Amino acid sequence: MRSRTLVSVTSFVVVSMLATSLPARAIAPSPRGPVAAAAPVPVLVVTSTEDNGPGTLRDAITQANVAPGATTLTFDIDAAIHLASALPTITDALSIGGGGVSLAGAGDVAGLTIAADNVKVEGLIITGFSNGIVVELASHVTIERNVVRDSTGAGIAIDGPPPEVVAAALGSGTVDLARLLDLVPTDVVVRNNEIDGNDGPAVTRRQSNIISVSSLQTDGMTVTGSVAGATTGVTVDVYSSPECTLDRPQTARLIASPAVDSLGRFSLDVSGVTGALTAIATDETAGSSAVSVCATTIENPSAAGSAEATPESTANSPITSEAAPTSETTTEPTTAAPTTTAAPTTAAPTTAAPTTAAPTTAAPT
């Protein structure tokens, strides 16, 4: 018992001496001080409609950029924010909940520029900029339920490295999709935005070959199309676009979002929808495509009497294949005309069946 007590007392004395000899290391707050001071601000609230100064959007983005970790930005204002110069580029994870707040620009700068991963922009009305939103070499970005109008360029521009940079990195030969996706913005999702009245397309994407709506056509009742590029869990947002032209297809109103089948095809009932149609495809990995060109209108003269044929043709996606037999049938009587004039006496009974007219009249002759 005495030996155990002696060991315990001795250990206690040694530990106590060590503790008293290193007081600075035991209590010094310096290693943790800076970390605590740089803790992220979880929520920043914009309270001023001014272009610059405390409580403004410009100030909030600046604070969010230096705060580590994700930041949420909301608004407590009741008027539009008029910006005379470009806002700071977003360089850190940020979620913007606009709540219908308007950002108005002067037409020569971008509304929002995103150069960080894990950014979400929702519920803003962005008008009068060169491009409403620009995504620069950023991934995992979501842009949804915004209104983007009156841009002098594109509504939303998904940027990326220049083609020569991509080509130099990949080399010649077959392109490895995985390597390509490492070089360009991925998982940039653009969905359910009202993008209309811009001088350029609603959505552009520099690396458009990664995913694209390669065809889009409608007969006024059904729209069909196909998606090229990445096809993992692809859906297609189909929009009405009253102002659609070849060089400026828009996305004014989301109609529906059909899924793409294993061959990259899709179809959607658009009966009752007026105006032009456009589409944006979204892949689980690659993100969203650029907006498609305006849907090609396909005339189908037999549509009125072939209600059953329409679903069948759209299931196989070739509305154009229905038009082909129709054009052949209409040309058949034209070729039969010389045969019936050659034998006037037999022309009457054979005009009802032009295909059998030739062998029937040949036998009496």
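Residues numbered from 1 in each chain as written. Predicted model: local features only at pLDDT ≥ 70, side-chain atom pairs only at ≥ 80, totals over all residues. Heavy atoms only, no water.

**Some words on the overall build of the chain**
(1) Moving on: Helices and strands together make up the secondary structure of the chain, namely 10 helices and 21 strands.
(2) Moving on: By residue count, 40% of the 365 residues in the chain fall in the buried class.
(3) Moving on: Put simply, 60% of the contacts in the chain that link residues at least 6 apart link residues at least 24 apart.
(4) Moving on: Roughly 18,700 Å² of accessible area belongs to the chain as shown, and the carbon and sulfur atoms make up 58% of that amount. (Helix = DSSP H or I, 4+ residues; strand = E, 2+ residues; numbered from the N terminus. Buried < 20%, exposed > 50% of the residue type's maximum accessible area, 1.4 Å probe, protein only. Contact = heavy atoms within 4.5 Å. Areas by Shrake-Rupley, 256 points an atom, 1.4 Å probe, with all protein chains shown as cover.)

**Observations regarding the environment of Ser102**
(1) Moving on: Relative to the helices and strands, Ser102 is located in strand S4 (residues 94–104).
(2) Moving on: Assessed through its relative accessible area of 24%, Ser102 is described here as partly exposed.
(3) Moving on: Each C-alpha atom, one on Ser102 and one on Ile81, is 6.2 Å from the other, the two residues being 21 residues apart in sequence.
(4) Moving on: Non-local contacts of Ser102, meaning those with residues more than four positions away in its chain, are made with Ala80, Ile81 and Ile125.

**Thoughts on the sheet that holds strand S13 (residues 203–205)**
(1) Moving on: With parallel pairing, the four strands of this open sheet are ordered in space as S5-S7-S10-S13. Unpaired on one side and paired on the other, strand S5 (112–114) and S13 mark the two borders of the sheet. The mean inter-strand angle of the sheet, taken between neighbouring strand axes irrespective of direction, is 10°.
(2) Moving on: Across three bridges, the pairing between S5 and strand S7 (residues 133–135) is parallel. Directly across from Leu112, in S7, lies its bridge partner Ile133. (Pairing = 2+ DSSP bridges. Axes fitted to C-alpha atoms, helices over the stretch in contact; angles between N-to-C directions.)

**Quick notes on the pattern of salt bridges**
(1) Moving on: The tally for this structure, following the rule as stated, stands at 10 salt bridges.
(2) Moving on: Arg248 is paired through a salt bridge with Glu243; the nearest N and O atoms lie 3.2 Å apart.
(3) Moving on: For Arg248, a relative accessible area of 18% gives the class buried.
(4) Moving on: Of the residues examined, Glu243 reaches a relative accessible area of 35% and is grouped as partly exposed.
(5) Moving on: By sharing partners, the salt bridges in this structure join Lys120, Glu122, Glu144 and Arg145 into a single network. (Salt bridge = Lys/Arg side-chain N within 4 Å of Asp/Glu carboxyl O.)

**Thoughts on the pairing of strand S19 (residues 277–283)**
Each regular strand shows side chains that alternate between the opposite faces of the sheet.
(1) Moving on: Counted residue by residue, S19 has seven buried out of seven residues, so it is predominantly covered.
(2) Moving on: Burial of the side chains of S19 extends over both faces: Leu277, Ala279, Ala281 and Asp283 are buried on one face and Thr278, Ile280 and Thr282 on the other.
(3) Moving on: Alignment of strand S16 (residues 235–240) against S19, held across six bridges, turns out to be antiparallel. Bridged to Tyr239 within S19 is Thr278.
(4) Moving on: Strand direction decides the pairing type here: S19 and strand S20 (residues 287–288), joined by two bridges, are antiparallel. Within S20, the residue paired with Asp283 across the bridge is Gly287.

**Some points on the side chain of Arg205**
(1) Moving on: The residue Arg205 is located in strand S13 in this model.
(2) Moving on: Only 2.7 Å separates the side chain of Arg205 from the backbone oxygen of Ser288, close enough to count as a polar contact.
(3) Moving on: Here Arg205 is in contact with Ile158, Pro185, Thr186, Ile210, Ile211, Ala286, Gly287, Ser288 and Ala290, once residues within four sequence places are set aside. (Polar contact = N/O pair within 3.5 Å; in protein donor to acceptor, adjacent residues only side chain to side chain.)

**Describing the state of the cysteines**
(1) Moving on: Overall, the coordinates contain one disulfide when judged by the stated rule.
(2) Moving on: With its sulfur 1.9 Å from that of its partner, Cys244 forms a disulfide with Cys294. With the S-S dihedral at roughly -100°, the linkage between Cys244 and Cys294 falls on the left-handed side. Residue Cys244 is located in the loop between S16 and strand S17 (253–256), and its partner Cys294 is located in the loop between S20 and strand S21 (296–297); the two are separated by 50 residues in the primary sequence. (Disulfide = S-S within 2.5 Å.)

**A short note on the sheet that holds strand S14 (residues 211–218)**
(1) Moving on: Strand order across the open sheet formed by four strands is S18-S15-S14-S21, with mixed pairing between neighbours. The open sheet is flanked by strand S18 (265–269) and S21, the only strands paired with a single partner.
(2) Moving on: Note: S14 against strand S15 (residues 222–229), seven bridges, orientation antiparallel. For Thr218, the partnering residue across the bridge sits in S15 and is Val223.

**Some points on unusual backbone geometry**
Comment: phi is negative for the bulk of residues other than glycine, and the bulk of peptide bonds are trans.
(1) Moving on: Although it is not a glycine, Arg145 adopts a positive phi angle of roughly 55°.
(2) Moving on: Mapped onto the elements, Arg145 comes out in the loop between strand S8 (141–144) and strand S9 (147–149).
(3) Moving on: Judged by relative accessible area, which is 44%, Arg145 ranks as partly exposed.
(4) Moving on: In the Ramachandran plot, Asp187 falls in the positive-phi region, its phi being about 55° despite a non-glycine side chain.

**Observations concerning helix H4 (residues 57–66)**
(1) Moving on: Along H4, the residues that are buried comprise Leu57, Arg58, Ala60, Ile61 and Ala64. Projected down its long axis, H4 carries its buried residues within an arc of 165°, all on one side.
(2) Moving on: Taken together, the buried residues of H4 touch strand S1 (43–46), strand S2 (71–75), strand S3 (81–82), S4 and S5. (Arc of directions from axis to C-beta.)

**Focus on the environment of Ser208**
(1) Moving on: Its location among the elements puts Ser208 in the loop between S13 and S14.
(2) Moving on: Residue class for Ser208 comes out partly exposed when judged on its relative accessible area of 36%.

**Points about the confidence of the model for the chain**
(1) Moving on: Here the chain shows a mean pLDDT of 77. Residues at 70 or above account for 68%.
(2) Moving on: Counted against residues more than four places away or in other chains, residues 1–32, with its pLDDT under 50, gives zero contacts.
(3) Moving on: Under a pLDDT of 50 for its full length, residues 301–365 has, in the predicted model, 32 contacts with residues more than four places off or in other chains. (pLDDT = per-residue confidence, 0-100.)

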